[in-house]
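Below, each chain spelled out in residue letters.
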Amino acid sequence: MFKTQRFHALGVSLTTAMLLAGCGDDTATSTESGSSTDSAETETTGDDTMSTSTTEDMTAGPGSESETSPTTEDPTTEDPTTENPTTEDPTTEDPTTEDPTTGEPAVCGDGVVEGDEACDDGNDIETDECLSTCELASCGDGNIQEGVEDCDDGNDDDSDECPSSCLAASCGDGFVWEGMEECDAGGEAADCDDDCTVVECGDGNVNEEAGEACDDMNDDNSDECIDTCEAASCGDGFVWADNEQCDDGNLESGDGCSDMCESEECNLDADNLPFPATIHPSNYYGDIAWDADCNILVGGSFNDGLFRVSKDDGSVTQIVNMFGSNSVNGITYRPQDELIYVAVDSPNRLFTVDSNNMTSQVTDLPAIINDIDVIPEGFGDLGGQIMMVSASSAIYVYDPSDSSITQFAMSSGPLSALDFAPDAQTFYVANYNNNRIDAVDVDGVVTTFYMGGLSGPDGIEVDSDGARLFVAQSNANRIDIITIPGAVLTQGPTGEFDGGYYPTGLLVDADDDLFYKARVGGQAVVDTSNVP
């Protein structure tokens, strides 16, 4: 009890001293402070528990908050996380730095890629790489990305002006632009040209994938490109003007046209032969033809039999006495079997004559046949067979392989003669009563080639280059020339003939020497004339 009262007194004295010191008494402060300290130290050394209790009284006594010495409070011992605003966690209050994974909604257009945004460029421009929906621009979104897309119609229809590639529709993109393109294979293909039109020979577009070597946009088969879009060549059946003398559709020599498309046509030294060559008396009607050695074969007409005029000296030999008929009409030599074929009438029959001049009947004929000719290779699939024209307007084909006869075409009126053009695609027919010349193609289509100015055409022959058609007119007593293809007629001079059905049969050699059968002085003769 005594110690407590003493300590309290000391505390009062200390407080008083401190107040006095605060009033400016430096001496008093120093004295009291030293005396107080000494007493405090003495007391605490004697009893630790009491010293602690005294200390607590000093700090918690009346007026401690205003009177306690500032040296007894350490501001650094306070918890900095509870009062110092500079140490607060910034992530708990700043909304711009929130973790996008917390589920807070993203704001498209704020320039920050967050949440499920693919992009966010902070603008609403739809032509850049990031749309206003914060999705990446892509083909088919309906927006045209500048510098990347030509178009974007928002659909996957590849047949309109904007296909699914978002590149403007164009020929060669592999998509068929409806209403604008016929096809589009992404380039040249077997069924599509590179201009996106369907392949067609004659369109001027050379399509190698379709097998075209050329395309000159015409059907002229005498130039360097034929109408099948193949390059002209020897053996194609067309005479290439200024390059080929002939073209019989094959590369075989010995058939009148060599494997180099050079003419193997007969060439007689007409000026040094004794023409006219007398064949037989009276009727001159009938055909003439070349044999294998370029001798001239002459039908006996109503006198029966078959005659030969030598190419060497012009002498005449009867090689067949009779066929047992009333008239010998058509004659031709067929190199495929090296036989001469002869059509006769009354009765209507077809015979062959071999190299030993032996005859054989091969078939009966359906009508009176006035002329026959071997069909050249290249004339459809009939090459090597025999074309025949009749007095009954029908045109027939005889096949030596099986002796069959089929009707090929039909004209009108008696047909008196025929001859093939060098291109092997057409043959011409003399229409006797109608005074015209017909043209017949590989399909058997008959058209009028020339009409007007003719009188009883009874023999025709195409020259070696296919540019002229010679027409023997028995009633007009002359031989005229008709141009091919223009069909312009030039009248020839009137022959020195003395009546009847003359002139008739015709031949032209490689030098354009014209040979014909006619009547002179009551005799059937073969004569010659050089034509311009």
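Residues numbered from 1 in each chain as written. Predicted model: local features only at pLDDT ≥ 70, side-chain atom pairs only at ≥ 80, totals over all residues. Heavy atoms only, no water.

Draft legend 1. Region of the structure containing the packing of aromatic side chains. Evaluated as defined, the whole model comprises ten aromatic pairs. Geometrically, the ring pair formed by F379 and F408 is tilted, given 5.9 Å between the ring centres and 50 degrees between the ring planes. Residue F379 is found in the loop between β10 (369-374) and β11 (386-390), and its partner F408 is found in strand β13 (residues 404-410); the two are separated by 29 residues along the sequence. For the ring pair F420 and F427, a centre distance of 5.0 Å and an interplane angle of 50 degrees mean the geometry is tilted. (Phe/Tyr/Trp six-rings, centres within 6.5 Å; stacked < 30°, edge-to-face > 60°. Helix = DSSP H or I, 4+ residues; strand = E, 2+ residues; numbered from the N terminus.)

Draft legend 2. Focus on the pairing of strand β12 (residues 394-399). β12 sits mainly inside the fold: six of its six residues count as buried. Here β12 shows no split at all, with A394, Y396 and Y398 on one side and I395, V397 and D399 on the other all buried. Inspection of the sheet shows β12 paired to β13 by six bridges, in the antiparallel sense. When the sheet's bridge partners are listed, A394 is paired in β13 with M410. (Buried < 20%, exposed > 50% of the residue type's maximum accessible area, 1.4 Å probe, protein only. Pairing = 2+ DSSP bridges.)

Draft legend 3. Representation of the state of the cysteines within the structure. Applying the stated criterion to the full structure yields eleven disulfides. One disulfide bridge connects C171 with C196, the sulfur atoms lying 2.1 Å from each other. Negative torsions about the S-S bond denote left-handed disulfides, and the value of about 100 degrees found for C171 with C196 makes this one right-handed. You can see C171 sitting in the loop between α5 (80-83) and β1 (277-281) and its partner C196 sitting in the loop between α5 and β1, a full 25 residues away along the chain. According to the relative accessible area criterion, C196 is buried, its value standing at 4%. (Disulfide = S-S within 2.5 Å.)

Draft legend 4. Layout of a negative patch on the surface. The grouping of E182, E188, D194, D195, E200, E208 and E209 at the surface amounts to a negative patch. Of note, E182 is situated in the loop between α5 and β1. (Patch = residues over 30% accessible without salt bridge, like charges linked within 9 Å, V, L, I, M, F, W, Y side chains within 5 Å. Areas by Shrake-Rupley, 256 points an atom, 1.4 Å probe, with all protein chains shown as cover. Salt bridge = Lys/Arg side-chain N within 4 Å of Asp/Glu carboxyl O. Lys, Arg positive; Asp, Glu negative; His and termini not counted. Charge placed at Lys NZ, Arg CZ, Asp CG, Glu CD.)

Draft legend 5. A look at the environment of V508. Take V508: it is sitting in strand β22 (residues 506-508). A residue is classified by how much of its surface remains accessible, and V508, at 4% relative accessible area, is buried. For V508 and C266, which are 242 residues apart along the polypeptide, the C-alpha to C-alpha distance reads 8.5 Å. Each residue touching V508, except ones within four places of it in the same chain, is listed here: E265, W290, E461, F470, D513 and L514. (Contact = heavy atoms within 4.5 Å.)

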